[in-house]
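Survey of secondary and tertiary structure
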There are 2 protein chains.
Amino acid sequence: MDRRQQKTRMAIFNAFADLLAEKSYSKITVQEIIDRANVGRTTFYAHFETKDELLRALCDQLFGHIIGSAADCTHTHGLYCDGNAPESVFCHLLQHLQENDNNILGLLSCESSELFLRCFKDSLNELIKDQFVNQNRKVNRDIPPDFLINHISGSFVEMVLWWVKGRMKQTPEELDRYFRAVIEPVL
Amino acid sequence: MDRRQQKTRMAIFNAFADLLAEKSYSKITVQEIIDRANVGRTTFYAHFETKDELLRALCDQLFGHIIGSAADCTHTHGLYCDGNAPESVFCHLLQHLQENDNNILGLLSCESSELFLRCFKDSLNELIKDQFVNQNRKVNRDIPPDFLINHISGSFVEMVLWWVKGRMKQTPEELDRYFRAVIEPVL
DNA sequence: TTTAATACCGAACATTTTGTTCTCTTTTAT
DNA sequence: ATAAAAGAGAACAAAATGTTCGGTATTAAA
C-alpha cells in the first residue's frame, strides 16, 4: 500500500477516534473528520464510501490486534480455567485493553461504545468457540454450547462496559477474579 | 392529552418502528418517517426535536410496559431463585417479549437493536438492584454487588439478543432454565 | 534518474436532508 | 358556539452529502 494512503488512512482514523471520544457517532459529520484529519473531501470518499464503513474499518483495526494476541495466548495457555493458573486469557485481554488506554478505552467510554462492543463480542465469540471445539471441554450437558459461548462472551463484554463506565477503578487482575467467579461454576 | 396528539404520536411511532425493522437507524430520514406516518413536517418537529429524541421516546414506551409488569411480579414472587419456583421474573419477561412479538422483538432483531438493548438493560438494572437491596440477599461476599447486578442484567440482555438473532427457536421456559443454570450458581 | 501511475488537493457543483416560518384549515374542549 | 390548539402544506434557509473536474505532488518501478 502506498505510503500516502497509509498516512491519510491513519490521519482519518485518528481524527475520527478523537471525535468519537468527544461526541456521539451520529453527530459527527464527514466535514469535521476531514477538517481534523486535514485531508480533502475527495480523498475521504476515495478511502471510505460512508461514515459507517469508516467505523467498521476502525473497529477491525483496533480489535484485530487485541484478539490476535489473545488467540496466541489461548494456543499456549488454553482458554480459561485450566486449573488455577494466575492468568487467564481474559486477564490478558483486560490488561491489553488497559495498556491501549488512550486508544481503545476512550472509544469504549464514549456514546458510540455499543458499536465497538458488538464488534468486540463477535471477535470474542470466535475465540471462545475455537477453544470449545478444540479442547472438547466437557461442559454442562443440559445447556447448548452455543448458549454457553454466548453467555461467556456476552458477560465479558458487559463487564468491560461496566468497568469502563465506572472509570476503571478495578485492576485487570481483580476483574479477572470476579469474572472467573461467575463463569467457572457454570462450566 | 389531545386525541389528535395521541394519534399523530402513535402514527409516528408506528412508522418509525416499521422503518427500523427495515433499515438501520442512521439511514432513516425524517422525511421517510413523516411520509409513512402521513403527518406534516411541522407536526413532526412539534412532537420531537430530533430523531434521537423520537427513539428515546419509543424505547421508553415499549420497555415501560414490560418492566412495569415485571416489577409487579418481583414484589409478589421475589426476583428469582427463591427455591425452585417454576416461574421466575425472567421467564415472565421472556414470555412478555414473545407475546409482543411484532412490536418489540422485530425491533430487537434489526440493525438498531443495540440502542434498544441498552435501554432495556438500564431498566433491568434498576429492577434487580431493588431486589438486591430489599431482600438483603446474602450473596457471594468476595464479589461487589454492583458487579453481580451488572452481570445478571448484562447476561440477560445478551441472552435475549442471542435468542432473537437465532430466530427464537427456544421457548421462554427453556431459556429461563438455561439462564437459571448459569446465574444461580453465582449467587 | 527518468517515467508512468496514482494519490491528493481544492474548488465548484448538484442533491439531499434538516429545521424553521408562514398562512390556512380542522379538530377539540368547554 | 367559540376560543384554543393541532395539523396541513408550501416555501424557505442552512447544512451535509456525494460527485466531478483539472492541476500538483508523491511514489514505485524501469
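Just so it is clear, the structure is predicted and the values come from calculations on it, not from any experiment. (Residues numbered from 1 in each chain as written. Chains lettered and ligands numbered in written order. Predicted model: local features only at pLDDT ≥ 70, side-chain atom pairs only at ≥ 80, totals over all residues. Heavy atoms only, no water.)

**Remarks on the pattern of salt bridges**
Using the criterion set out here, one finds 12 salt bridges over all chains in the structure. When the shortest N-O distance is used, the salt bridge between Lys 121 of chain B and Glu 158 of chain A registers 2.6 Å. Of this pair, Lys 121 of chain B sits in helix 7 (residues 113-135) while Glu 158 of chain A sits in helix 8 (residues 145-165), on two different chains. For Glu 158 of chain A, a relative accessible area of 2% corresponds to the buried category. Across the pair Glu 32 of chain B and Lys 23 of chain B runs a salt bridge, and its minimum N-O distance is 2.7 Å. By relative accessible area, which is 26% here, Lys 23 of chain B ends up partly exposed. (Salt bridge = Lys/Arg side-chain N within 4 Å of Asp/Glu carboxyl O. Helix = DSSP H or I, 4+ residues; strand = E, 2+ residues; numbered from the N terminus. Buried < 20%, exposed > 50% of the residue type's maximum accessible area, 1.4 Å probe, protein only.)

**Side note on the relation of the copies chain A and chain B**
When chain A is fitted to chain B, the residual RMSD is 0.1 Å, and the transformation amounts to a turn of 180° plus an axial shift of 0.0 Å. Expressed as an axis order, the relation between the two copies is that of a two-fold axis. Closest approach to the rotation axis within chain A is made by the C-alpha atom of Ser 155 of chain A, at a distance of 2.7 Å. (Least-squares fit on C-alpha atoms with pLDDT ≥ 70 in both.)

**Considering the packing of aromatic side chains**
Residue and element names in this part refer to chain A. Overall, the coordinates contain 22 aromatic pairs over all chains when judged by the stated rule. Linked through ring pairs, Phe 63, Phe 90, Phe 120, Phe 156 and Phe 179 together constitute an aromatic cluster. The ring centre of Tyr 25 lies 4.6 Å from the NZ or CZ of Lys 51, which sits over that ring. (Phe/Tyr/Trp six-rings, centres within 6.5 Å; stacked < 30°, edge-to-face > 60°. Lys NZ or Arg CZ within 6 Å of the ring centre and 35° of its normal.)

**Digging into the packing of helix 9 (residues 172-183) of chain A against helix 8 (residues 145-165) of chain B**
Describing two packed helices takes the angle between their axes plus the distance from one axis to the other. Between helix 9 of chain A and helix 8 of chain B, the shortest axis-to-axis distance is 11 Å and the interhelical angle comes to 50°. When the axes of helix 9 of chain A and helix 8 of chain B are compared, the pair comes out oblique. Where helix 9 of chain A crosses over helix 8 of chain B, the handedness of that crossing is right-handed. The residues of helix 8 of chain B that touch helix 9 of chain A, namely those facing Leu 175, Tyr 178, Phe 179, Val 182 and Ile 183 of chain A, are Phe 147, Leu 148 and His 151 of chain B. Considering only residue class, the contact of helix 9 of chain A with helix 8 of chain B consists of 7 nonpolar, 1 polar and no charged. (Axes fitted to C-alpha atoms, helices over the stretch in contact; angles between N-to-C directions. Parallel < 35°, antiparallel > 145°, perpendicular 65-115°, else oblique. Left-handed = near helix turned anticlockwise from the far one by under 90°. Contact = heavy atoms within 4.5 Å. Nonpolar A, V, L, I, M, F, W, Y, C, P; charged D, E, K, R; others polar.)

**Some details on the interface of chain A and chain B**
Think of interface size as the accessible area that goes away when the parts come together; that is how it is often given. At the interface, 28 residues of chain A touch 28 residues of chain B. Interface area, chain A with chain B, both sides summed: about 2,400 Å², of which 66% is carbon and sulfur. Between chain A and chain B we count 2 salt bridges in total. The tally of links from chain A across to chain B stands at 5 residue pairs in polar contact (both at pLDDT 80 or more). Contributions of two or more residues to the side of chain A that touches chain B are made by helix 7 (113-135), helix 8 and helix 9 of chain A. The class makeup of the residues in the side of chain A that touches chain B is 15 nonpolar, 5 polar and 8 charged. (Buried area = accessible area lost by both parts, 1.4 Å probe. Polar contact = N/O pair within 3.5 Å; in protein donor to acceptor, adjacent residues only side chain to side chain.)

**Some words on the protein's contact with DNA strand D**
Around DNA strand D sit 19 residues in total, of which Gln 5, Thr 8, Gly 40, Thr 42 and Thr 43 of chain B are the nearest. Here DNA strand D approaches the protein such that, of its atoms within 4 Å, sugar and phosphate make up 59%. Here a phosphate oxygen of DNA strand D sits 3.1 Å away from a polar atom, N or O, in the main chain of Val 30 of chain A. Secondary-structure elements contributing two or more residues to the surface near DNA strand D are helix 1 (3-22), helix 2 (30-37) and helix 3 (41-47) of chain A together with helix 1 (3-22) and helix 3 (41-47) of chain B. Looking at the surface near DNA strand D residue by residue, the class counts come to 3 nonpolar, 10 polar and 6 charged. (Near = heavy atom within 4 Å.)

**Observations regarding the nonpolar core**
Residues Phe 116, Phe 120 and Phe 156 of chain A together with Phe 116, Phe 120 and Phe 156 of chain B are the most contacted members of the largest nonpolar core, which totals 125 residues. With residues up to four places along the chain from it excluded, the contact list for Phe 120 of chain A reads Phe 63, Ile 67, Leu 97, Phe 156, Val 157 and Val 160 of chain A. (Core = buried A, V, L, I, M, F, W, Y, C linked by side-chain atoms within 4.5 Å.)

**Some remarks on the environment of Arg 167 of chain A**
All names here are of chain A. With respect to the secondary-structure elements, Arg 167 resides in the loop between helix 8 and helix 9. Since its relative accessible area comes to 71%, Arg 167 is described here as exposed. Placed 128 residues apart in sequence, Arg 167 and Val 39 show a C-alpha to C-alpha distance of 34 Å.

**Remarks on unusual backbone geometry**
Backbone geometry places Met 168 of chain A, a non-glycine residue, at a positive phi of 55°. For Met 168 of chain A, the location among the structural elements is in the loop between helix 8 and helix 9. For Asn 38 of chain B, which is not a glycine, the phi torsion comes out positive at approximately 60°. By secondary structure assignment, the location of Asn 38 of chain B is in the loop between helix 2 (30-37) and helix 3.

**Here we look at the protein's contact with DNA strand C**
Near DNA strand C you find 19 residues, and of these Thr 8, Gly 40, Thr 42 and Thr 43 of chain A together with Arg 41 of chain B are the closest. Here the atoms of DNA strand C within 4 Å of the protein split so that 64% fall in sugar or phosphate, with bases taking the remainder. Thr 42 of chain B has a polar side-chain atom sitting 3.4 Å from a base oxygen of DNA strand C. Of all the secondary-structure elements, those providing two or more residues to the surface near DNA strand C are helix 1 and helix 3 of chain A together with helix 1, helix 2 and helix 3 of chain B. Taken together, the residues of the surface near DNA strand C break down into 3 nonpolar, 10 polar and 6 charged.

**Considerations on the domain arrangement of chain A**
All names here are of chain A. What the domain assignment lists for chain A is domain 1 (1-49) and domain 2 (55-183). Taken together, the contact between domain 1 and domain 2 spans 10 residues of the former and 10 residues of the latter. Carbon and sulfur atoms supply 76% of the area that domain 1 and domain 2 bury against each other, a total of about 830 Å² over both sides. When the buried surface of domain 1 facing domain 2 is broken down by residue, Phe 13, Leu 20 and Tyr 25 rank first, second and third, together holding 51% of it. For the pair domain 1 and domain 2, the interface holds 0 salt bridges. The interface formed by domain 1 and domain 2 holds 0 residue pairs in polar contact (both at pLDDT 80 or more) in total. (Domains from an automatic or database assignment.)

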